[in-house]
Amino acid sequence: MNLVSDEILKAIKYAIDKTVIMTDKTFPSIVTKVNDNGTYIILGEEGSERLVYSAIPSLNLEYMSKVWVTMPHNSLNHMYISGIRQEKPYGKKLPH
């Protein structure tokens, strides 16, 4: 009986080890170029430049805008700007 349970555990461990988990990934970046066609060039995580669209079309981004970039299912081909990074008021008191 113990042999059967060991084999089941091995099969489960094998299935978990071979499973590829596809998750979204969001990282900070900056806009290095604004194109006329509504696309932007941003710095990718590895430092290379990437052509992306913005998920917020009414947002007018400029050169050196700090943005959040999302990669759905870790796909470089589907990367997009998902938001603007806000500066944190370090050393400043927030209003109550």
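Structure first, text after, so check above.
The following refers to the structure shown. (Residues numbered from 1 in each chain as written. Predicted model: local features only at pLDDT ≥ 70, side-chain atom pairs only at ≥ 80, totals over all residues. Heavy atoms only, no water.)

## Side note on the overall build of the chain
Looking only at helices and strands, one finds 1 helix and 5 strands in the chain. Going from N to C terminus, the chain has its helices and strands arranged as α-β-β-β-β-β. Residues counted as buried form 26% of the 96 residues belonging to the chain. Long-range pairs, those at least 24 residues apart, make up 50% of the contacts in the chain between residues at least 6 apart in sequence. Surface exposure of the chain reaches about 7,700 Å², of which carbon and sulfur atoms provide 58%. (Helix = DSSP H or I, 4+ residues; strand = E, 2+ residues; numbered from the N terminus. Buried < 20%, exposed > 50% of the residue type's maximum accessible area, 1.4 Å probe, protein only. Contact = heavy atoms within 4.5 Å. Areas by Shrake-Rupley, 256 points an atom, 1.4 Å probe, with all protein chains shown as cover.)

## Concerning the side chain of Ser-54
By the secondary structure assignment, Ser-54 is in strand β3 (residues 49–54). Exposure remark for Ser-54: the relative accessible area of 14% places this residue in the buried category. A polar side-chain atom of Ser-54 sits 3.1 Å from the main-chain amide nitrogen of Ile-56. With residues near it in sequence (within four places) discarded, Ser-54 still touches Tyr-40, Leu-59 and Ile-81. (Polar contact = N/O pair within 3.5 Å; in protein donor to acceptor, adjacent residues only side chain to side chain.)

## A look at the sheet that holds strand β4 (residues 66–71)
The strand order around the closed barrel formed by 5 strands is β1-β2-β3-β5-β4, and the pairing between neighbours is mixed. The mean inter-strand angle of the sheet, taken between neighbouring strand axes irrespective of direction, is 55°. Of the strand pairs in this sheet, β3 and strand β5 (residues 80–84) are connected by 2 bridges, and their pairing is parallel. Bridging across to β5, Tyr-53 finds its partner in Tyr-80. (Pairing = 2+ DSSP bridges. Axes fitted to C-alpha atoms, helices over the stretch in contact; angles between N-to-C directions.)

## Some points on helix α1 (residues 2–18)
Between its terminal C-alpha atoms α1 stretches 25 Å, which fits the 24 Å expected from 17 residues at 1.5 Å a residue. Little of α1 sits out of view: just 0 of its 17 residues are buried. (Expected span 1.5 Å × (residues − 1).)

## Describing the nonpolar core
Counting residues in each nonpolar core, the largest one holds 12 residues, listed as Phe-27, Val-31, Tyr-40, Ile-42, Val-52, Leu-59, Leu-61, Val-67, Val-69, Met-71, Met-79 and Ile-81. In terms of residue count, β4 provides more of this core than any other element does, 3 residues in total. Apart from residues lying up to four places away in sequence, Val-69 is in contact with Lys-25, Thr-26, Phe-27, Ser-29, Ile-42, Met-79, Tyr-80, Ile-81 and Ser-82. (Core = buried A, V, L, I, M, F, W, Y, C linked by side-chain atoms within 4.5 Å.)

## A few points about the pairing of β3
Of the strand pairs in this sheet, strand β2 (residues 40–43) and β3 are connected by 4 bridges, and their pairing is antiparallel. Looking at β3, one finds that Ile-42 is bridged to Arg-50. Hairpin geometry of β2 and β3 is characterised by an intervening segment of 5 residues between the two adjacent antiparallel strands and by a positive phi of about 95° at Gly-47.

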